[in-house]
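Spelled out, the chains give:
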Amino acid sequence: MRQALRLLGYGWALHFKILSRSAFDGFLGVLWPLFFATIAFFMFRTGGNSSALLYTSLGASVMGVWSSTSVAASSALQRERWAGMLELLAAAPVHFSLILMPITLAMSTVGIYSMTATLLWGRLLFGIQLHVQHLLLFALAIPVAILSIGMLGFLLSVTVVRYRTAWALGNALEYPVWLVCGFLVPLSLFPGWVRPISWALAPTWGIRAIREAALGGSPLPDLLVCAAIGLGYAAAGMLLVDTVLRSARSRATLSLT
Amino acid sequence: MAVVEAVDLRRTYKTSTGLFRRRSLEVEAVRGVSFEIAEGELFGLLGPNGAGKTTTIKMLITLLIPTSGEARVLGYDVVKDAREVRKRIGYVFGGDRGLYERLPGIDNLRYFAELYGVPPREQRARIDELLELVGLKGREKEKVEGYSKGMRQRLHIARGLLHDPPVLFLDEPTIGVDPVGARELRGTIASLAQAGKTVLLTTHYMFEADALCDRIAVIAKGEIVAEGTPRDLKALVTEGTVVEIETFDAPGDAADRLRRLPGVMSVAVEDREQAQVLVVQSEATGTTTQQLLVALGDVQVGRVSAREPTLEDAYVSLVTRK
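Residues numbered from 1 in each chain as written. Chains lettered and ligands numbered in written order. Predicted model: local features only at pLDDT ≥ 70, side-chain atom pairs only at ≥ 80, totals over all residues.

**Thoughts on the overall build of chain A**
Of the regular secondary structure elements, chain A holds ten helices and zero strands. Since a compact globule built from 257 residues should have a radius of gyration of about 18 Å, the 18 Å found for chain A is in line with a globular shape. If you line up chain A on its principal axes, its C-alpha atoms span 55 × 35 × 35 Å. Relative to its full complement of 257 residues, chain A shows a buried share of 46%. Look at the contacts in chain A between residues 6 or more apart in sequence, and 81% of them connect residues 24 or more apart. (Helix = DSSP H or I, 4+ residues; strand = E, 2+ residues; numbered from the N terminus. Rg over C-alpha atoms; globule rule 2.2 N^0.38 Å. Buried ≥ 20, exposed ≤ 12 C-beta atoms within 10 Å, placed from the backbone. Contact = placed C-beta atoms within 7 Å.)

Next comes the structure, spelled out in structure tokens:
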């Protein structure tokens, strides 16, 4: 257990260091969430409703977390394959989830910047004041949402191990999840059949908990559901990873050729 | 007991072509390979590109599941006891890939020390010792992207040795490395064998296998075509003759015409500037130079020379046999 925690911590630090060493990725990482947030702010400002702007500001901040986790984690794993690292990592005598999880967690950590930058951007350029009603629960909701989104990224990354082209799945899911999880518009605007999909996704509950904590309401149930679904993703990923890895060894998909 | 044991290993790759009418293709990369490696032995798997060396090694290090057959390392089955095998082996492959380029060499080593469960208290001393062994002491804090090929290869070797494994798999470790660097690497590999490690080395350089290996298996088209000590392999061709025929604009079937002659063991074609040199290896009592020239017919021929077979001829003969 101690070795597993140590490996998770070391892996997270290593992958965070790799991310921080790329000037190009860093530049995009800084600007990207601000572009998205700006578009969202302009769209909702026309309504002249200040609470809608705060609603959007919080949603846009979690959009960045999701984008950095889903897209970046899938492509990061594909980069491991291109660099010939995936085979070396798969050949290590530890459970493969201890190798995959830190990669997605490092990406989610980048999402913390994205969240802070979006809120500050809204405050400085659009005058959106953030008045938090339940400060403690708000502070708790942020790491729970980020970790749960990280675990969803982990579950996605398991498929990248098996299928060489699955990294595109991360890209493909980026915008639909923005919509389906209600980051920008309320879920009530969508057809009924979308709801079950939304409920199965931790970001839906994460953003609800954050909004309830900030705007007033009862965030605790949403927070607990978000944490439970996040744990469910982690458990599913850990159970799947051995099967997926065996399949990748059988079909020779760990390497590029 | 054999430390590494492969019994009738086979591996087939499945691919598909076509967009609408998908067609499945099966490529047999390894076709019934069997061998044993004793404790402390340096065993060479020698063969040309695409012969099945890397596929064989990947099955032994648990990265690929064999289509059929069995393999054991230190008594552990490579499919059923994959984790036990992984704990006890080191894997080093050749080339530029397999390192975190943006990080310093020492960070690469520390991460793999964690992955292989090297106790935290021992990590620093172990990494220092290995940096010294591979000659990277003092360069470990530089980013890998600034390393030369030779330095990268030495870092690979240090990585593979972090957990002090008793068995090492080295897949073409000197590929792409300059002659001086390659010689240094061969020195490091020899010292590992002297330290009692069991080593499986794959290479397509005959001289490298000859200089390092206790025993060699020659693999061609997925099958082992010869096995023995370097001396045994040389003995296979010492009694033959080699004729080199320089040709110009030789048709594609010229080599085949020679191969069909009685007594011809192998024909290799080497491009040398404007000419194609046909290197014909024959049994001592086999075909004469005159018969070879007659078989070539109208082909424009330049210089013709005969010589004693070398070790490289032995290898070429084995992998290009009729």
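The rest of the description comes next.
**Some thoughts on the interface of chain B and chain A**
If you look at the interface, chain B gives 21 residues, while chain A gives 23 residues. Only α2 (82-88) and α3 (105-115) of chain B provide two or more residues apiece to the side of chain B that touches chain A. For the side of chain B that touches chain A, the element with the highest residue contribution is α3(B), accounting for four residues. Among the residues forming the side of chain B that touches chain A, the class breakdown is eleven nonpolar, three polar and seven charged. (Nonpolar A, V, L, I, M, F, W, Y, C, P; charged D, E, K, R; others polar.)

**Description of the pairing of strand β14 (residues 300-307) of chain B**
All names here are of chain B. Burial analysis of β14 places just zero of its eight residues in the buried class, which makes it a mostly uncovered element. Bridging between strand β11 (residues 241-248) and β14 involves six bridges; their strand directions are antiparallel. Bridge pairing in β14 links Val242 to Arg307. (Pairing = 2+ DSSP bridges.)

**Here we look at the environment of A:Thr116**
Structurally, A:Thr116 can be placed in helix α5 (residues 97-126). Sequence separation between A:Thr116 and A:Ser70 is 46 residues, and the spatial gap between their C-alpha atoms is 19 Å.

**Notes on the nonpolar core**
Ranked by size, the top nonpolar core spans 151 residues in total, and within it A:Val62, A:Ala141, A:Ala145, A:Ile210, B:Leu60 and B:Val218 carry the most contacts. Of all the elements, helix α6 (residues 135-162) of chain A adds the most residues to this core, at 16 residues. Each of two domains, domain 1 (4-233) and domain 2 (236-319) of chain B, supplies a minimum of three residues to this core. Once you skip the residues sitting within four places of it in the chain, A:Val62 turns out to touch A:Met115, A:Ala145, A:Phe183, A:Pro203, A:Gly206, A:Ile207 and A:Ile210. (Core = buried A, V, L, I, M, F, W, Y, C linked by C-beta atoms within 7 Å. Domains from an automatic or database assignment.)

**Details of helix α10 (residues 219-251) of chain A**
Residue and element names in this part refer to chain A. The end-to-end C-alpha distance of α10, which contains 33 residues, comes to 46 Å, matching closely the 48 Å that a straight helix rising 1.5 Å per residue would cover. Largest kink in α10: about 35°, centred on Val241. Just downstream of α10 lies Ala252, where phi reads positive at about 55°. (Expected span 1.5 Å × (residues − 1). Bend = angle between axes of the 7 residues up to and from the residue.)

**A word on the sheet that holds strand β3 (residues 42-46) of chain B**
Residues and elements named next belong to chain B. With respect to topology, six strands assemble into an open sheet ordered β6-β7-β8-β3-β9-β10, the strand pairing being mixed. Only two strands of the sheet have a single partner each, and these edge strands are β6 (89-93) and β10 (223-228). With direction set aside, neighbouring strand axes in the sheet form an average angle of 15°. Pairing between strand β7 (residues 167-171) and strand β8 (residues 198-203): five bridges, direction parallel. In the sheet register, Phe169 faces β8, and the bridge partner there is Leu200. Sitting on the sheet, helix α6 (residues 179-194) is in contact with β3, β7 and β8, with an inclination near 150° to β8. (Axes fitted to C-alpha atoms, helices over the stretch in contact; angles between N-to-C directions.)

**Section: the sheet that holds strand β13 (residues 275-282) of chain B**
Residue and element names in this part refer to chain B. Taken in spatial order, the four strands of this open sheet run β12-β13-β11-β14, and their pairing is antiparallel. Two strands in the sheet have a free side with no partner beyond their single neighbour: β12 (264-272) and β14. Within the sheet, the average angular offset between the axes of one strand and its neighbour, ignoring direction, is 20°. Bridge analysis of β11 against β13 gives seven bridges, and the strand direction is antiparallel. Each bridged residue has a counterpart across the sheet, and for Glu244 the counterpart in β13 is Val279.

**Topic: the domain arrangement of chain B**
Residues and elements named next belong to chain B. One can read the domain layout of chain B as domain 1 (4-233) and domain 2 (236-319). For domain 1 and domain 2, the distance between their C-alpha centres works out to 35 Å. Contacts between domain 1 and domain 2 engage ten residues on the former and seven residues on the latter. Class assignment of the residues belonging to the side of domain 1 that touches domain 2 gives a composition of eight nonpolar, one polar and one charged.

**Side note on the packing of helix α4 (residues 120-134) of chain B against helix α5 (residues 149-161) of chain B**
Residue and element names in this part refer to chain B. Where α4 meets α5, the closest approach of the two axes is 9 Å, and the angle between their N-to-C directions is 140°. Of the two possible hands of crossing, α4 and α5 adopt the one that is right-handed. Where α4 abuts α5, its residues Leu130, Leu131 and Val134 lie against Arg154, Ile157, Ala158 and Leu161. For the contact of α4 with α5, the residue count by class is six nonpolar, no polar and one charged. (Left-handed = near helix turned anticlockwise from the far one by under 90°.)

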